[in-house]
Protein chains: 2
Amino acid sequence: MTGEDRATRLREAKARLRSHLEHRGLRSTRQRDAVLEAFLAADAHVSVEELCERVRDAHRSIGAATVYRCMGLFVQAGIAKERRFHEGRIRYEPGVGTEHHDHLICLACGDIQEFENPTIERLQDEIAGSRGFSVTYHRLELYGLCPRCKKIS
Amino acid sequence: MTGEDRATRLREAKARLRSHLEHRGLRSTRQRDAVLEAFLAADAHVSVEELCERVRDAHRSIGAATVYRCMGLFVQAGIAKERRFHEGRIRYEPGVGTEHHDHLICLACGDIQEFENPTIERLQDEIAGSRGFSVTYHRLELYGLCPRCKKIS
DNA sequence: ATGCTTGCAAACGCTTTGCATTTGA
DNA sequence: TCAAATGCAAAGCGTTTGCAAGCAT
C-alpha cells in the first residue's frame, strides 16, 4: 500500500467515523481518534492486545475495555471487520478500501495472506442455493505452512 | 444413518479406542465408555455441554473436566473431530466412518448441514500451491438462513 | 501396589460489564 | 449542564490444570 493509499484510507475512515458518531449523537474523543490511528497504521489482522500496545505509545493508560469498545464501534461504522482464526481471539482488518477476500494462514509463523477466487465464491452460492440456504457471510481459511516455514521444518 | 451403520460405527470406535489405550498404557474406564456411547449416540456437532447432559443420564456426577479430557483423547485416537463454528465453543463430530466435508450453518436455528465439493477442494490446493503454501487443513463455513428460517423471517 | 483417572475447584485467556468519575458538546 | 465515554476492577464464558482421592491393571 502506498503512502497516498494510506492517507486516503485514513481520511475516509475518519469521515465515516465522524458521520457515524454525529448520526447517533455519540462523541468524538481523543481515545477514539488514537485507536483509529493505531488501527489503520497497524498491519491487517491486528489483535486487541497488539492494538493496546500501539495505542499506548500515543495515549498513555488507555484501558483495554476502551479499545474493545472502540473496535466494536468501528465495526458498526464499517471501518473495521472482525475475524476469528484458529487461535480464538478476535483480529481486526480494515473495512474500508478492501475487497472481500479469504485467508491463507501459516501455522508456524502466523503469517496471514489474503486471496480471492470468484469460482469458489460462485460454487459456494450454488451449493447453498441448491439447499435453499441464503448465505449471509462465509469463512474460508486454509491453514498450513508458508514457503519459508516449510523449508525450515 | 441406519441402525446397522450406527452399530458398525460404535464397534469400530470402541476397537480404535481400545487399541489406542493399550498402545499407550492407558486405562479403560467406565467414564470413557459412557462418554464414547453418549458421543456416538448424539447428533453430529455436539458441544461438551450437551454431551455432559447426555452422559449424566447414564453416569451420574461425571465432571465436565472428564468429558473434556475424554474428547481430547478421542480426537487423538481419531474417533472424533473438533470443530469451532461462529459461537466459539468446541463441537465434535464423528471421526470414523465420515468423509471430509464442509459446513452450511443456519444463523437462526443453528442447524448444521454438511457438504462436499471436489472443485472447491481442488481450487484451494491450486491457490495454496501457487503461493508455495502446503495446506494442513482448511475451514469452509457458509453462514446464513436455512429454507425454513428464511420463510419465517 | 502402582500410577493412571477422576472430580472438584481454582486458574486461565479473552471479552464484556458495572460503576464511579471524567469529559465533550 | 448532563448524557456519553472512560478506566478500573469484577464478572462471564468456555476450557484447562493442580491436586487429593479413587480405581484399573
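Above this text you will find the structure in question.
Below is a short write-up of the structure. (Residues numbered from 1 in each chain as written. Chains lettered and ligands numbered in written order. Predicted model: local features only at pLDDT ≥ 70, side-chain atom pairs only at ≥ 80, totals over all residues. Heavy atoms only, no water.)

What about the pairing of strand β5 (residues 112-115) of chain A?
Residues and elements named next belong to chain A. The sheet contact formed by strand β4 (residues 102-106) and β5 spans 4 bridges and is antiparallel. Following the sheet pairing, His103 is matched in β5 by Glu114. Counted along the chain from β4 to the antiparallel partner β5, the turn is 5 residues long, and its residue Gly110 has a positive phi close to 85 degrees. (Pairing = 2+ DSSP bridges. Helix = DSSP H or I, 4+ residues; strand = E, 2+ residues; numbered from the N terminus.)

Section: the sheet that holds β5 of chain A
Taken in spatial order, the 6 strands of this open sheet run β5(A)-β4(A)-β6(A)-β6(B)-β4(B)-β5(B), and their pairing is mixed. Taken across any chain shown, the strands that pair with only one partner, and hence form the sheet edges, are β5 of chain A together with β5 (112-115) of chain B. Adjacent strand axes in the sheet meet at a mean angle of 20 degrees when their direction is disregarded. Examined bridge by bridge, β4 of chain A and strand β6 (residues 134-145) of chain A share 4 bridges and lie parallel to one another. (Axes fitted to C-alpha atoms, helices over the stretch in contact; angles between N-to-C directions.)

Re the interface of chain A and chain B
Across the contact, 35 residues belong to chain A and 35 residues belong to chain B. Across the chain A to chain B interface the summed buried area is about 3,200 Å²; carbon plus sulfur atoms make up 62%. A per-residue breakdown of the area chain A buries against chain B is headed by Arg131, Phe133 and Arg139 of chain A, which together make up 23% of the total. Where chain A meets chain B, there are 2 salt bridges. The tally of links between chain A and chain B comes to 16 residue pairs in polar contact (both at pLDDT 80 or more). Those elements that provide at least two residues to the side of chain A that touches chain B are β4, β5, α5 (118-130), β6 and α6 (147-152) of chain A. If one sorts the elements of the side of chain A that touches chain B by residue count, β6 of chain A sits on top with 12 residues. (Contact = heavy atoms within 4.5 Å. Buried area = accessible area lost by both parts, 1.4 Å probe. Salt bridge = Lys/Arg side-chain N within 4 Å of Asp/Glu carboxyl O. Polar contact = N/O pair within 3.5 Å; in protein donor to acceptor, adjacent residues only side chain to side chain.)

Thoughts on the sheet that holds strand β2 (residues 80-84) of chain B
All names here are of chain B. Reading across from one edge, β1-β3-β2 is the order of the 3 strands in this open sheet, with antiparallel pairing throughout. If you trace the sheet from one side to the other, it starts and ends with β1 (46-47) and β2, each paired once. Bridge analysis of β2 against strand β3 (residues 90-94) gives 5 bridges, and the strand direction is antiparallel. Residue Arg83 lies in a different strand from β3, and its bridge partner there is Arg91.

Some points on the side chain of Gln124 of chain B
With respect to the secondary-structure elements, Gln124 of chain B resides in helix α5 (residues 118-130). Take Gln124 of chain B: its relative accessible area is 3%, and that puts it in the buried class. Every residue in contact with Gln124 of chain B, bar those within four places of it in the chain, is listed here: Ile120, Leu140 and Leu142 of chain A together with His138 and Leu140 of chain B. (Buried < 20%, exposed > 50% of the residue type's maximum accessible area, 1.4 Å probe, protein only.)

Regarding the environment of Ala64 of chain B
Residue and element names in this part refer to chain B. Locating Ala64 in the fold gives a position in helix α4 (residues 64-77). Each C-alpha atom, one on Ala64 and one on Val48, is 7.7 Å from the other, the two residues being 16 residues apart in sequence. Apart from residues no more than four positions distant in its own chain, Ala64 is found in contact with Cys52 and Arg56.

Overview of the relation of the copies chain A and chain B
Rotating chain A by 180 degrees and moving it 0.0 Å along the rotation axis overlays it on chain B with an RMSD of 0.1 Å. In the structure described here, the two chain copies are related by an operation that fits a two-fold rotation axis. For chain A, the smallest separation between a C-alpha atom and the rotation axis is recorded for Leu140 of chain A, amounting to 2.2 Å. Most of the interface of chain A is mirrored in chain B: 100% of its interface residues are interface residues there too. (Least-squares fit on C-alpha atoms with pLDDT ≥ 70 in both.)

Re the protein's contact with DNA strand D
Surrounding DNA strand D, one finds 19 residues, the nearest of these being Arg27 and Arg32 of chain A together with Arg30, Tyr68 and Ile90 of chain B. Within the side chain of Thr29 of chain A, a nitrogen or oxygen atom sits 2.9 Å from a phosphate oxygen of DNA strand D. Between a sugar or linking oxygen of DNA strand D and a main-chain N or O atom of Ser28 of chain B, the distance comes to 3.5 Å. For the surface near DNA strand D, the elements supplying multiple residues, two or more each, are α2 (30-41) and α4 (64-77) of chain A together with α4 of chain B. (Near = heavy atom within 4 Å.)

What about the side chain of His101 of chain A?
All names here are of chain A. As for its position among the elements, His101 is in the loop between β3 (90-94) and β4. You can call His101 buried: its relative accessible area is 6%. Among the polar contacts listed, one links the side chain of His101 to the side chain of Glu93, at a separation of 3.0 Å. In contact with His101, other than residues within four places in its own chain, are Arg83, Glu93, Glu114, Phe115 and Glu116.

Considering α4 of chain B
Residues and elements named next belong to chain B. Counted at 1.5 Å a residue, the expected span for α4 with its 14 residues is 20 Å, and the 20 Å between its end C-alpha atoms agrees. Those residues of α4 that sit buried are Val67, Cys70, Met71, Leu73, Phe74 and Ala77. Along the axis of α4, the buried residues cluster in a sector spanning 160 degrees; they form a single face. Looking at α4, the residues exposed on the side facing more than 90 degrees away from the buried face are Arg69 and Gln76. Looking at the residues trailing α4, positive phi occurs at Gly78, about 80 degrees. (Expected span 1.5 Å × (residues − 1). Arc of directions from axis to C-beta.)

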